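# Close look at the chain arrangement
The primary structure of each chain is shown beneath.
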Amino acid sequence: MQVISTIAELRARLGNERTIAFVPTMGNLHEGHLNLVRQAREHGSCVVASIFVNPLQFGPSEDFDRYPRTLEADCAQLHGLADVVFAPPANEIYPAQQTVFVEPPPIASELCGATRPGHFRGMATVVLKLLNIVQPHAALFGKKDYQQLHIIRRMVSELNLPVRIVGGETVRAADGLALSSRNQYLSAGERGEAVFLYRTLQGMRQAILQGERDFERLQERAVEALAARDWLVDYVAVRNQSDLQPASPVKDDLAQRELVILAAAQLGNTRLLDNVEVCLVD
Ligand code: PAF
């Protein structure tokens, strides 16, 4: 496995590769990332992982400075799984002030975008840059960041990028908590409580599968249940998988409906995200 930090060296290394599968990350790798890297092997003969904490996708009061940077440990974990690790310094990706950005679709200002203005613009911009640098045949992203994956799919489709986007399933701890680099911000007490977000979404999923169609009420109840346990809820939303628009409770639309329940909420100082898919097939 080669660790490369410049675009020129990376291009020289990848120039003769037949098929490239790419997993972009911000490092501090956990089993969720490693699972994507393993899966990448099915999509390309050369597997590239990138590690870059992208300043453009963090707001001024967010955790860019304290985001865990663990390059050595990350490379040790990738050994034997990836062929190339691209770990550029910030000035390799942004040699001058970035003045050209990807304008993401309107859904980028809803859900996570409502409280993180500019986040998806910064994310989409760096993903486009990384795809142009690596030029992979396939790129893999976790479903844990469901809205991110949706926006990347839209960008790739609407900008005609020659890459296949593959979504990887969320990897969970034994109790169900979705793995995330930010979980390490949780205190021991918060870590015990954190799984309640997933349990809440699962409860909603069960209710929908059993026939509940008042999605507004379901959302409100979930927010109340979380707030009662001192969560600061950002949103809980039942949406269509296809376009992330609010799911309609109209009975006629229900056959073969693919929904997703998404949530973001803060526990102490840690913002947690999760989602579960619900497929209603008659
Ligand atoms: O999901 C992430 O880790 C980041 O948003 C990504 C896709 C690597 C872009 O910086």
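Going along each chain's sequence as written, the residues are numbered from 1 onward. Only residues with pLDDT of at least 70 get local features here, since the model is predicted, and only at 80 or more are side-chain atom pairs given and counted; chain-wide, interface and lining totals rely on the full set of residues. Note: side-chain values were computed over all heavy atoms of the structure, leaving out hydrogens and water.

### Concerning the overall build of the protein chain
Tallying secondary structure elements over the protein chain gives ten helices and nine strands in all. As defined in this context, the radius of gyration uses C-alpha atoms, and a globule is described by 2.2 Å times the residue total to the power 0.38. Taking 2.2 N^0.38 as the reference for a compact globule, 282 residues should give roughly 19 Å; the C-alpha atoms of the protein chain span a radius of gyration of 19 Å, in line with that estimate. Think of it in three bands: with a 1.4 Å probe and only protein chains considered, a residue is buried below 20% of the maximum accessible area for its type, exposed above 50%, and partly exposed in between. Relative to its 282 residues, the protein chain shows a buried fraction of 53%. Working rule for contacts: check all heavy atoms of both residues, and any pair within 4.5 Å makes them a contact. Counting only contacts in the protein chain whose residues sit at least 6 apart along the sequence, the fraction spanning at least 24 positions is 73%. If the 28 positive side-chain charges of the protein chain are averaged to one point and the 33 negative ones to another, these points end up 3 Å apart. The helix count covers DSSP runs of H or I at least four residues long, the strand count covers runs of E at least two residues long, and both are numbered beginning at the N terminus. By the counting scheme adopted, Arg and Lys are positive, Glu and Asp are negative, and His together with the chain ends is not counted. Lys charges are placed at NZ, Arg charges at CZ, Asp charges at CG and Glu charges at CD.

### So, the pattern of salt bridges
Salt bridge, as used here: a side-chain nitrogen of Lys or Arg that lies within 4 Å of a carboxyl oxygen of Asp or Glu. In the structure shown here, the tally under the stated rule is 15 salt bridges. Here Glu 31 ties to Arg 38 by a salt bridge, and the two come within 2.7 Å at their closest N and O atoms. By relative accessible area, Arg 38 is classed as partly exposed at 38%. For Asp 175, the salt bridge is made with Arg 191, and the minimal N-O distance between the two is 2.9 Å. Linking Asp 175 in the loop between strand S6 (164-168) and helix H8 (188-194) with Arg 191 in helix H8, this pair joins segments that are 16 residues apart in sequence. On the basis of relative accessibility, which here comes to 31%, the residue Asp 175 falls in the partly exposed class. We classify Arg 191 as partly exposed; its relative accessible area is 27%.

### Overview of the site of the ligand
Nearness here has a simple test: a residue counts as near a molecule or strand if at least one of its heavy atoms is within 4 Å of that partner. Taken together, Pro 24, Thr 25, Met 26, Asn 54, Gln 57, Met 123, Val 126, Val 127, Phe 141, Asp 145 and Gln 148 make up the full set of residues adjacent to the ligand. Within the side chain of Gln 57, an N or O atom sits 2.7 Å from an oxygen atom of the ligand. Here a polar contact is taken to be a pair of N or O atoms separated by no more than 3.5 Å, where protein atoms must pair a possible hydrogen donor with a possible acceptor and residues adjacent in sequence count only if both atoms sit in side chains. Taking Gln 148, its side chain carries an N or O atom lying 2.7 Å from an oxygen atom of the ligand. If the ligand stood free it would expose 290 Å²; the protein chains cover 89% of that surface. Going through the elements one at a time, strand S2 (20-25) and helix H6 (119-134) are the ones with two or more residues in the shell around the ligand. Among the elements that take part in the shell around the ligand, H6 stands out by supplying three residues, more than any other. Accessible surface is estimated by sampling points in the Shrake-Rupley manner with a 1.4 Å probe; for residues, cover comes only from the protein chains shown.

### A word on the packing of H6 against helix H7 (residues 146-158)
Direction vectors running N to C along H6 and H7 enclose 55 degrees, while the axes themselves pass 10 Å from each other. Between H6 and H7, the crossing angle belongs to the class labelled oblique. Considering only the axes of H6 and H7, their crossing is right-handed. Listed contacts from H7 to Phe 120, Met 123, Ala 124, Val 127, Leu 128 and Leu 131 of H6 are Gln 147, Gln 148, Ile 151, Ile 152, Met 155 and Val 156. Geometry is summarised by axes, namely lines fitted to C-alpha atoms with helices restricted to the contacting stretch, and by angles between N-to-C directions that run from 0 to 180 degrees. In these notes the angle categories are as follows: under 35 degrees is roughly parallel, over 145 is roughly antiparallel, 65 to 115 is roughly perpendicular, and the rest is oblique. Helix crossings fall into two classes, left-handed where the near helix is turned counterclockwise from the far one by less than a right angle and right-handed where it is turned clockwise.

### Considerations on the environment of Phe 22
The topology assignment puts Phe 22 in strand S2. It is 8.5 Å that separates the C-alpha atoms of Phe 22 and Cys 46, two residues lying 24 residues apart in sequence. Here Phe 22 is in contact with Val 48, Ala 49, Ser 50, Leu 130, Leu 131, Val 134, Pro 136, Ala 138, Ala 139 and Leu 140, once residues within four sequence places are set aside.

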